[in-house]
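Given next are the chains, with one letter for each unit.
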Amino acid sequence: MTGTQQPQATPEGQVADAVAQNWVDSWAPIGARPFLRLSRADRPIGTWLLLLPCWWGVLLAAAADSFKFFDLWIIAGCAIGAFLMRGAGCTWNDITDREFDAKVARTKSRPIPAGQVSVKGAIIWMVIQSLISFGILLTFNLATIGLGVLALVPVAIYPFAKRFTWWPQVFLGLAFNWGALLAWTAHTGSVQVPAVLIYLAGISWTLFYDTIYAHQDKEDDALIGIKSTARLFGQNTHSWLRVFLVITLVLFAAAIILALVPDANVLSLTLALAGVWAMGWHLAWQLRKLDTEDDQICLRLFRSNRDAGLIPALFLAIAAFV
């Protein structure tokens with residue numbers, strides 16, 4: 001043997017943009033791997049981005065009212081539900097996009113175009129994930145159950161949005177931030193203005209991070225006729241992202257002020273708003289680092305939005321207990 005380190009072999013069937021040495025490709029049973037890849041379990045950032053607005057909603061409601069023991073289940077239930085519904089949504093997306101995915105360098109290794117999972121198998125897998133998620137939804141109040149069922153509408157529409165609009169990221173935002181409404185309602189029993197404002201802030205945040213993500217595919221998208229904000233904005237992307245950054249922070253701060261000013265103490269309000277300020281600094285850092293022509297930078301910055309979204313969640317959690 002020599003002292004030269006041999007490169008590690010790529011696990012069989014690994015998707016091109018999967019996280020290196022992820023648990024699916026390293027530890028999951030071989031037979032389950034194609035289905036877990038279909039659910040993006042090897043790329044957990046999407047689950048975080050679906051989950052974090054849920055946590056914003058329940059934690060702001062708890063800060064405005066009081067933290068209840070059932071909130072622990074809302075937090076945990078949303079985490080499980082986000083994993084499952086993100087998986088079901090991605091499965092649906094891959095079923096509808098299978099022909100496009102086969103033509104794009106980054107996506108042609110996904111399980112359906114790569115031949116690892118049949119369309120019939122994918123449909124069955126999607127239904128299984130959805131049914132388990134529905135079982136979790138049934139543990140919440142009626143208003144929340146209704147919202148959960150209604151959430152299927154933007155989820156169903158999103159994969160087709162890039163065929164008819166330059167703004168498919170809006171439809172992604174409508175779907176991915178629905179949990180803010182749902183979790184707030186699970187705590188309070190009804191949808192109220194602060195929850196709507198957080199929902200809108202989340203949509204603006206989605207436009208920010210998913211435009212960065214979409215820049216990885218803009219050349220392939222142009223060739224096959226797929227629309228996106230990355231293609232629409234082009235060289236003006238930084239200017240547009242600054243707008244989304246400001247809208248996100250203003251709406252988030254407005255939600256906190258409306259929810260907390262009537263009854264919360266000054267420390268609680270200050271902490272909650274500090275979380276928004278800190279999130280803003282993180283988004284500004286992303287803008288400074290962004291090079292829309294470097295796919296690796298785009299992917300790294302996109303994934304960093306887990307931390308951007310966790311920041312206000314942490315501050316809201318502290319605010320709920322002071």
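See the structure printed just above.
Residues numbered from 1 in each chain as written. Predicted model: local features only at pLDDT ≥ 70, side-chain atom pairs only at ≥ 80, totals over all residues. Heavy atoms only, no water.

**Student:** So what's going on with the pattern of salt bridges? Which residues, and what values?
**Tutor:** Side chains bearing opposite charge may pair, as long as their charged atoms lie close to each other. According to the stated counting rule, one finds nine salt bridges in the structure shown. Arg43 is paired through a salt bridge with Asp42; the nearest N and O atoms lie 3.0 Å apart. Neither residue differs from the other here; Arg43 and Asp42 are each classed as buried. Across the salt bridge formed by Asp65 and Lys68, the nearest N and O atoms sit 3.6 Å from each other. Since its relative accessible area comes to 48%, Asp65 is described here as partly exposed. (Salt bridge = Lys/Arg side-chain N within 4 Å of Asp/Glu carboxyl O. Buried < 20%, exposed > 50% of the residue type's maximum accessible area, 1.4 Å probe, protein only.)

**Student:** Which residues make up helix α9 (residues 168-176), and what values do they have?
**Tutor:** Taken together, the buried positions of α9 are Pro168, Gln169, Leu172, Gly173, Ala175 and Phe176. Angular distribution of buried residues about the axis of α9 spans 165°; they occupy a single face of the element. At its buried positions, α9 is contacted by α3 (45-64), α4 (69-96), α8 (152-164), α10 (178-188), α11 (193-214) and α13 (229-233). (Helix = DSSP H or I, 4+ residues; strand = E, 2+ residues; numbered from the N terminus. Arc of directions from axis to C-beta. Contact = heavy atoms within 4.5 Å.)

**Student:** Which residues make up unusual backbone geometry, and what values do they have?
**Tutor:** Not every positive phi belongs to a glycine, and Arg40 is a case in point at roughly 65°. Here Arg40 shows up in the loop between α2 (33-38) and α3. Using a relative accessible area of 7% as the deciding quantity, one classes Arg40 as buried.

**Student:** Tell me about the packing of α3 against α4, and name the residues and values.
**Tutor:** Where α3 contacts α4, the two axes come as close as 9 Å, and the packing angle between them is 160°. Comparing their axes, α4 and α3 come out roughly antiparallel. For the pair α3 and α4, the crossing hand works out as right-handed. Across the interface between the two elements, Gly46, Thr47, Leu50, Leu51, Cys54, Trp55, Val58, Leu59 and Ala62 from α3 touch Asp71, Ile74, Ile75, Cys78, Ala79, Ala82, Phe83, Met85 and Arg86 from α4. Here the residues of the contact of α3 with α4 sort into 14 nonpolar, two polar and two charged. (Axes fitted to C-alpha atoms, helices over the stretch in contact; angles between N-to-C directions. Parallel < 35°, antiparallel > 145°, perpendicular 65-115°, else oblique. Left-handed = near helix turned anticlockwise from the far one by under 90°. Nonpolar A, V, L, I, M, F, W, Y, C, P; charged D, E, K, R; others polar.)

**Student:** Describe in detail the nonpolar core, supporting the description with residues and values.
**Tutor:** Counting residues in each nonpolar core, the largest one holds 71 residues, and the members touching the most others are Trp56, Leu60, Trp205, Phe208, Phe252, Ile256 and Leu316. Beyond its immediate chain neighbours, meaning those up to four positions away, Ile256 contacts Leu60, Val261, Leu269, Ala272, Leu273, Val276 and Leu316. In terms of nonpolar packing, the next biggest core, distinct from the first, is built from five residues, Leu38, Ile95, Val117 and Ala122 among them. (Core = buried A, V, L, I, M, F, W, Y, C linked by side-chain atoms within 4.5 Å.)

Read these as layout, nothing more, since geometry by itself doesn't imply function.
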